[in-house]
Amino acid sequence: MCFHNALSVKAQDLEHRYKAKFNKDSHFEPIYHGYAFGFMLWPVITNKNSKYIQEFNWGLIPSWVKTKNEAQKIRSCTFNAQVETAFEKPSFRNAIKTKRCLIPSTGFFEWQTIKSKKYPYFISLKEQQIFSMAGLWEEWIDKQTGEILQTFSILTTTANPLMEKIHNTKKRMPVILASELETEWLSQTLTNDNILALCQPYNENLMQAHTVSKLYFNRDKFLH
DNA sequence: CCAGACGTTGTT
DNA sequence: GTCTGG
DNA sequence: CCAGACGTTGTT
DNA sequence: GTCTGG
């Protein structure tokens with residue numbers, strides 16, 4: 001599961017890290033806590049255009065969705081996509097073959113449950129401030145208004161031992177790509193097996209986690 | 001045939 | 001768009 | 001964010 | 001009207 005994500009760096013830092021540019025009209029500001037249900041804009045680098053950092057909305061809307069209402073309903077269920085089943089699911093099977101992207105992150109939040117109480121953790125990488133989660137994207141056109149919505153989903157896989165201890169109810173974690181595999185993820189010529197091979201749980205020894213205050217998750221602080 | 005799903009996991 | 005369940 | 005609930009008891 | 005669940 002991955003509903004709480006962070007990208008607490010400047011636009012310029014991202015441009016250096018990915019050797020890609022934001023569009024001129026972008027106003028990216030550091031994101032200290034992004035919550036999926038805000039359907040917020042997030043920087044992504046797609047296989048279609050890796051020279052630019054685009055900003056897509058979190059919550060993938062498949063292209064076959066007919067109405068805004070239906071789109072709103074489905075996108076609250078497509079913040080994450082399980083990689084084990086993504087090749088079969090109608091919502092993801094097209095995207096995982098042809099529309100992959102990198103989701104830049106500086107860390108994400110997960111909850112540990114102990115005796116029915118929940119403790120939030122922040123998880124990041126030891127050696128890279130900015131890393132990439134593996135993502136899928138889609139482009140949806142509202143036939144009523146002509147509006148185009150570009151959206152994305154974060155792939156999840158089974159938790160590694162560190163994440164099993166933290167996210168101890170569902171035991172899932174986002175797919176994290178080693179930096180040297182980012183270009184490969186965006187390649188147009190991968191087989192299904194190649195794609196699955198890139199989506200293994202990340203090495204726990206390269207990750208770090210610490211508890212954080214629940215105050216970070218007060219509704220008022222991260223919605224709007 | 002035709003309506004309905006199509007998806008994931010849950011802080012205060 | 002395509003599959004499933006009734 | 002925004003649609004949907006807003007309630008209780010307890011059979012096949 | 002306000003809270004909750006997705």
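Scroll up to find the structure.
Being a predicted model, the structure only gives us computed values, none of them experimental.

A. View of the pairing of strand β11 (residues 148-158). By the criterion of burial, β11 is predominantly enclosed, with 8 of the 11 residues buried. Here 3 bridges tie strand β6 (residues 80-82) to β11, and the two strands are oriented parallel to one another. Paired with N80 across the bridge in β11 is I154. With 7 bridges connecting them, strand β10 (residues 131-141) and β11 associate as antiparallel partners. Bridge assignment links L136 to a residue of β11, and that residue is S153. Adjacent in sequence and paired antiparallel, β10 and β11 are bridged by 6 residues, among which G146 carries a positive phi angle near 85°. When β11 meets strand β12 (residues 172-174), the two strands line up antiparallel, connected through 3 bridges.

B. Focus on the packing of aromatic side chains. Per the stated rule, a full pass over the model turns up 12 aromatic pairs. Consider the rings of F3 and F37, whose centres lie 5.7 Å apart with planes at 85°: the pair is edge-to-face. On the criterion of sequence distance, the pair formed by F3 in the segment before β1 (4-7) and F37 in the loop between β3 (31-35) and β4 (41-46) is long-range, its members being 34 residues apart. The class of F3 is partly exposed, set by a relative accessible area of 23%. Its relative accessible area of 35% is what places F37 among the partly exposed residues. For the pair F22 and F28, a centre-to-centre distance of 5.5 Å together with 15° between the ring planes defines the contact as stacked. For the residue pair F22 and F28, the accessibility class agrees, reading buried in each case. One Lys or Arg, K99, reaches over the ring of W137 and ends 5.8 Å from the middle of that ring. When the ring centre of W185 is taken as origin, the NZ or CZ atom of R100, which lies over that ring, is 5.5 Å away.

Rules behind the numbers
Residues numbered from 1 in each chain as written. Chains lettered and ligands numbered in written order. Predicted model: local features only at pLDDT ≥ 70, side-chain atom pairs only at ≥ 80, totals over all residues. Heavy atoms only, no water. Buried < 20%, exposed > 50% of the residue type's maximum accessible area, 1.4 Å probe, protein only. Helix = DSSP H or I, 4+ residues; strand = E, 2+ residues; numbered from the N terminus. Pairing = 2+ DSSP bridges. Phe/Tyr/Trp six-rings, centres within 6.5 Å; stacked < 30°, edge-to-face > 60°. Lys NZ or Arg CZ within 6 Å of the ring centre and 35° of its normal.

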